[in-house]
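Results of the structural survey
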Amino acid sequence: MPPGTLESFFVEHRLLTEVSHGGGALRLVRSEREVGCSVELTRGGQPLHVWEPLPRGARTPAALPAAASSRLALLRDPTAMAAPLLEPLRELTLSLEQAVRQAGGSAVDVLVHDAWQKVCCGPAEAWAEEERRHTLIELRVSVDQEKRPAHLWRPFWFQDPGALAAARGQLETACVELVQSLQAWPAPAPCPEGELPVVFPPGAASGSFFHEVCGHPLEGDVVARRGSYLAVRLGERVAEEFVTVTDDPTERSSALHYGFDDEGQAARRVALLERGVVGQPLLSRDTAGILGRESNGHGRRVSFRHYPLPRMTHTGVAAGPHGTLEQLLAPVGRGLLVQHLVPRHMNLLSGDFSFFIIEAREIRDGRPGPLIGPGVLSGNGLQALSDLEAVGGERRSLFATRGCRKLDHGPLAVSFTQPSLRFRRLRVTPARLP
Amino acid sequence: MRVSLPLMAQETEIQSVPRPLAVGAAGEPELPLPADVLQDVAELWARVGRRGEVAEFYLHVGQVLTVDLDPASGLRQENTGAGGQATVRLWTPEGSCRAEGWWHEARELEELIATARSSASRSGASPPPRQLEPPGGGERPAGALSSRRAQELASTWARELEPLGACIQALLIQQSLGWCGSFHSSGASAHEWLAREQALVRCETPSGALVDGVSTPRLDGGLAPALATQRLGAALEALQGPGAALDPSLPLVLRPPVAGPLVAGLAWALHGDVAASVPGLVRAVGKKIFPSVLSVRDDPRHPEGTVHRHMDDEGWRADLLEPIQAGQLLGFFHTHASAARLGVAPNGRALRAQRGEPFAGTFNFHVAPGRAGLPANRTELAARVETFTTMRQPGVVSLLASGWEYRRGERHRRVGPLELELPVLSTFRQLQGVGPDLTFLPACDGCGTPTLILSPPTWLGDSGSR
């Protein structure tokens, strides 16, 4: 093995806790703590990443810079990162269950996910240290209807379990509103078919749309091989002046944020679309080198066992000039208000996409109507971006609860921000399930 | 006891680090021997075990090497590492509990036991495993991880793929070597060496992404990506332009890359924990619910399979199973827990992910090859475009596929891309014939399938394709 030159290192202490509530019982689903490190060497001009877990019995890796080694003892101390207490979560879930039942619902299933990471990484001469944490709660509210239950799902995010516990009132209100939505429309209407005006409400799980349609096509590795429909249109106008889409890990108020990426590079806001024009790629150090640019702090790792890839973090649509959700809905005679989408396929080269419609309501005469059955939303990225005809002013954030996968790297936490949006038309097709 | 992981834990200057445990250096990698470790675990349990407790330790020690080549830029990322993971399951008079983590020496296993005991939330009444059966598989496989071999394989394959003209997003060579072992508090233990080398490619086309690859449970340099290259070539040809709609009056032929997700869906339906929640399926055991041409096998030591196993991840002997024989449903794949739910014996099909409880799985699940020839008039689908999920609704496989319409044995016109929604069990009831070309597909959970010939898809109705 020829010797290598140390380029950078990455050390992390990660604590993941998942607690579920269902059937009246609280259960610790997952409690994982791991400490590990990776070093990046250059060998023959190509990067070599070598990783190793660092349980308590493991010695401090000799490959780490001396200064980082001295921090390692603090970083790997398990007493500095304690799992969330279960009792406050028990109290919270019981109060949510009570709120649902009092509103006439039959049950609420709850999943709490707390991710806490301390990381120390970067080049030996300029490494950085940071603590990152987020706590998610998913609510799945059920109402018994005509012999079969109906469900609605909502996720919420907080900075830590303390903030979650303090939001009990907000979550109880959300549960009650979900029950009321289900009660208002006891049976879903059939999913319509055709090209329809489509509205996304602020902060909805339809935010995955821009992650897939704008974000992945502008990741540095994709751009380097000109492997997407946006990679070959850098600097070209593809949307109206009021459409700006960014990936911004530095937005402190956003769901997911950090000061530097997993290569120790300062995080920067990247405009994927700037006033309707295709902007910059998301870059790790390697892909920046290939493109002759500087890293913009988007080199991210799933864990110490993975090497960094250019990835999204917090993808958002900037606020626009078209007012509130109600104002965006008003001119729509018949359309679709899409709350929750799950990606089905994305063709990076052509821009063709399709998403499963998990939750949507018909729009009738400018107002939200009944929930509809499952369907598929499809179209082409270029056409959809040019058909984005209105962007509202109120932005909200949301975490992707299942993360983002790329190649064999995943899932990685990502989040979205989105105001109300209206597309002139997108293709809607009922799910044709046998 | 110490898992020897000399990657970076040496007194070594950076210019000569790290000793390449996983990168094909001269000399054998220093993985600890399973017999030694399991003996240490036995001694540990003798010291800290409590009366009335039943314990199961599952240990995995391994090293991995990945070479990821981007042919367009020439960037080659190499990633390697090694570690030991442990899962401790305890059954106490109060219930059962579990803890898992990386381990390096005995005190970490002791900490895992303590963590499990103090678990505030105890999981359900999964039964204590019975005594382990001593299987084969104790021999360390020949060969080792090799950075050079992986790099050469990646470069050679990239050159082979170049004439196809596809935009390659990633070309991945993965190697792994290690062992898994179980120790039961009754004193029984078992272990097995595991190896894998696989090559995967994802390429973009104007019609969508194609993913294919080959995999072998050996490290002897015998991996042959040429088979995947041929499949990709056929797929790219089918995707070169828009095609006609499906003619529902013609038999539907699914070539292995298209049939793969359907076969993986059948394997999923036969998992004991899935079947246990479908009473109709459980009641159908012993009945002939599929055509006689359908037999499926799960052969842990199939010579062309992607894995080579003698035991499952709960330490049970893993032998050939045939859950569907000439159309007759004979049973399911089980963990201890799923077998207990259905009141049958475990059959050695427990798998474990990095973390969590064992789940039912398969080893080289495949549709048994037949001798059917292809109908002269047919729709033949050879290309499947990647979707983020193939089973959005349980039991229904969603495919985007393209191919050709054949008339009198000749290609008549291009077909697709078609969107197919195929209910797994109903689709296999329409099976008319099975080809001889058994192909194992790492991109479809390692399942294998020959070409499947289905009756004209009028049975799909308007709802199944567009």
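These figures come from a predicted structure and were not determined experimentally.

1. Thoughts on the overall build of chain A
Scanning chain A for helices and strands turns up nine helices and 23 strands. A globule of 434 residues ought to have a C-alpha radius of gyration of about 22 Å, and chain A, at 23 Å, matches this closely. A principal-axis box enclosing the C-alpha atoms of chain A has dimensions of 70 × 55 × 40 Å. Out of the 434 residues belonging to chain A, those deemed buried represent 62%. In chain A, the share of contacts with a sequence separation of at least 24, taken over all contacts with a separation of at least 6, comes to 71%.

2. Details of the sheet that holds strand 19 (residues 396-399) of chain A
All names here are of chain A. Spatially, the six strands line up as an open sheet ordered 10-9-8-13-22-19, and their pairing is mixed. Across the chains shown, the open sheet's two edge strands, defined by having one partner strand only, are strand 10 (277-278) and strand 19. Two elements, strand 8 (residues 245-247) and strand 9 (residues 270-274), share three bridges in a ladder whose sense is antiparallel. If you follow T246 over to strand 9, its bridge partner there is A271.

3. Side note on the nonpolar core
In this structure, L59 and L171 of chain B are the most contacted members of the largest nonpolar core, which totals 57 residues. Among the elements that make up this core, the one with the highest residue count is strand 1 (residues 54-70) of chain B (seven residues). If we ignore the near neighbours within four places in the chain, the residues touching L59 of chain B are V37, L38, V41, Q85, A86, W103, L109, W179, C180 and G181 of chain B. In this structure, A189, F200, V278 and M346 of chain A belong to the second largest nonpolar core, which totals 45 residues.

4. Some thoughts on the pattern of salt bridges
Residue and element names in this part refer to chain B. Enumeration over the complete set of coordinates arrives at 57 salt bridges over all chains. Between E237 and R411 there is a salt bridge; the shortest N-O distance is 2.8 Å. With E237 in helix 4 (residues 226-238) and R411 in strand 16 (residues 410-423), the pair connects residues that are 174 residues apart, well separated along the chain. The exposure class assigned to E237 is partly exposed, which follows from its relative accessible area of 32%.

5. As for the packing of helix 1 (residues 34-48) of chain B against helix 2 (residues 106-117) of chain B
Residue and element names in this part refer to chain B. Put simply, helix 1 and helix 2 touch, their axes get as near as 11 Å, and they point 45° apart. Of the possible angle classes, the one that applies to helix 1 and helix 2 is oblique. Pair helix 1 / helix 2 crosses with right-handed handedness. Residue-level inspection shows V41, L44, W45, R47 and V48 of helix 1 in contact with helix 2, the latter providing A106, L109, E110, I113 and R117. Along the lines of polarity and charge, the residues of the contact of helix 1 with helix 2 split into seven nonpolar, no polar and three charged.

6. Notes on the pairing of strand 22 (residues 415-418) of chain A
Residues and elements named next belong to chain A. Covered by surrounding structure in strand 22 are S415 and T417 together with F416 and Q418, the residues of both alternating faces. Inspection of the sheet shows strand 13 (residues 314-317) paired to strand 22 by three bridges, in the parallel sense. Paired with H314 across the bridge in strand 22 is S415. Here four bridges tie strand 19 to strand 22, and the two strands are oriented antiparallel to one another. Note that in strand 22 the partner of L398 across the bridge is F416.

7. Here's the deal with unusual backbone geometry
Along the chain, G410 of chain A connects to P411 of chain A via a cis peptide bond; the corresponding omega equals -5°. One can find P411 of chain A in strand 21 (residues 409-412). With an omega of 0°, the peptide bond between G416 of chain B and P417 of chain B qualifies as cis. For P417 of chain B, the location among the structural elements is in strand 16. Within the chain, L407 of chain A stands out as a residue other than glycine whose phi angle is a positive 50°. When its relative accessible area of 33% is taken as the criterion, L407 of chain A is described as partly exposed. For A326 of chain B, which is not glycine, the phi dihedral falls at a positive 45°. Considering the arrangement of structural elements, one finds A326 of chain B in the loop between strand 9 (321-325) and strand 10 (328-329). Relative accessible area serves as the criterion here: at 36%, A326 of chain B is assigned to the partly exposed category.

8. Describing the packing of helix 2 (residues 86-102) of chain A against helix 4 (residues 168-184) of chain A
All names here are of chain A. At a minimum axis separation of 9 Å, helix 2 and helix 4 run at an interaxial angle of 30°. In the crossing of helix 2 with helix 4, the sense of the turn from one axis to the other is right-handed. Where helix 2 abuts helix 4, its residues E91, L92, S95, L96, A99 and V100 lie against R168, L171, E172, C175, V176 and V179. Per-class residue counts for the contact of helix 2 with helix 4 are eight nonpolar, one polar and three charged.

9. Brief notes about the pairing of strand 3 (residues 95-102) of chain B
Residue and element names in this part refer to chain B. Of all eight residues in strand 3, six are buried; the element is thus mostly enclosed. Here strand 2 (residues 75-92) pairs with strand 3 via eight bridges, running antiparallel. Along strand 3, the bridge assignment pairs L90 with C97. Between strand 2 and strand 3, which pair antiparallel and follow one another directly, the connecting turn spans two residues.

10. What to know about the environment of A42 of chain B
Along the chain, the position of A42 of chain B falls in helix 1. A42 of chain B sits 145 residues away from G187 of chain B along the chain, and the two C-alpha atoms are 6.9 Å apart.

11. Comments concerning the sheet that holds strand 15 (residues 396-407) of chain B
All names here are of chain B. The strand order across the open sheet formed by six strands is 16-15-14-7-20-17, and the pairing between neighbours is mixed. The open sheet has two free edges, formed respectively by strand 16 and strand 17 (431-434), since each of these has just one partner strand. The sheet shows a mean angle of 30° between the axes of neighbouring strands, direction not considered. Sheet analysis places strand 7 (residues 252-254) next to strand 14 (residues 378-385), joined by three bridges and oriented parallel.

12. Some thoughts on the side chain of E359 of chain A
Residues and elements named next belong to chain A. Turning to its location among the elements, E359 is positioned in strand 15 (residues 352-364). In terms of polar contacts, E359 uses its side chain to reach the side chain of R154, at 2.7 Å. Those residues in contact with E359 that lie beyond four places of it in its chain are L152, W153, R154, V338, Q339, H340 and L371.

13. A word on the environment of W157 of chain A
Residue and element names in this part refer to chain A. Mapped onto the secondary structure, W157 falls in strand 6 (residues 148-158). Those residues within four positions of W157 in sequence are excluded, and the remaining contacts are T135, L136, S253, S254, A255, S397, L398 and F399. At a separation of 3.4 Å, a polar atom in the side chain of W157 contacts the main-chain carbonyl oxygen of S397.

14. Examining helix 4 of chain B
Over its 13 residues, helix 4 of chain B extends 19 Å from the first C-alpha to the last, a length consistent with the 18 Å expected when each residue adds 1.5 Å. Listing the buried residues of helix 4 of chain B in full gives A228, T229, R231, L232, A235, L236 and A238 of chain B.

15. Quick look at the confidence of the model for chain B
All names here are of chain B. Here chain B shows a mean pLDDT of 87. Residues at 70 or above account for 88%. pLDDT under 50 marks residues 1-29. Its contacts with residues more than four places away, or in other chains, come to 94 contacts. The complex prediction reports pTM at 0.91, with the ipTM value standing at 0.90.

16. Looking at the environment of S426 of chain B
Residues and elements named next belong to chain B. Mapped onto the elements, S426 comes out in helix 9 (residues 424-429). We classify S426 as partly exposed; its relative accessible area is 31%. Sequence separation between S426 and I289 is 137 residues, and the spatial gap between their C-alpha atoms is 9.8 Å.

About the cut-offs
Residues numbered from 1 in each chain as written. Chains lettered and ligands numbered in written order. Predicted model: local features only at pLDDT ≥ 70, side-chain atom pairs only at ≥ 80, totals over all residues. Heavy atoms only, no water. Helix = DSSP H or I, 4+ residues; strand = E, 2+ residues; numbered from the N terminus. Rg over C-alpha atoms; globule rule 2.2 N^0.38 Å. Buried < 20%, exposed > 50% of the residue type's maximum accessible area, 1.4 Å probe, protein only. Contact = heavy atoms within 4.5 Å. Pairing = 2+ DSSP bridges. Core = buried A, V, L, I, M, F, W, Y, C linked by side-chain atoms within 4.5 Å. Salt bridge = Lys/Arg side-chain N within 4 Å of Asp/Glu carboxyl O. Axes fitted to C-alpha atoms, helices over the stretch in contact; angles between N-to-C directions. Parallel < 35°, antiparallel > 145°, perpendicular 65-115°, else oblique. Left-handed = near helix turned anticlockwise from the far one by under 90°. Nonpolar A, V, L, I, M, F, W, Y, C, P; charged D, E, K, R; others polar. Polar contact = N/O pair within 3.5 Å; in protein donor to acceptor, adjacent residues only side chain to side chain. Expected span 1.5 Å × (residues − 1). pLDDT = per-residue confidence, 0-100.

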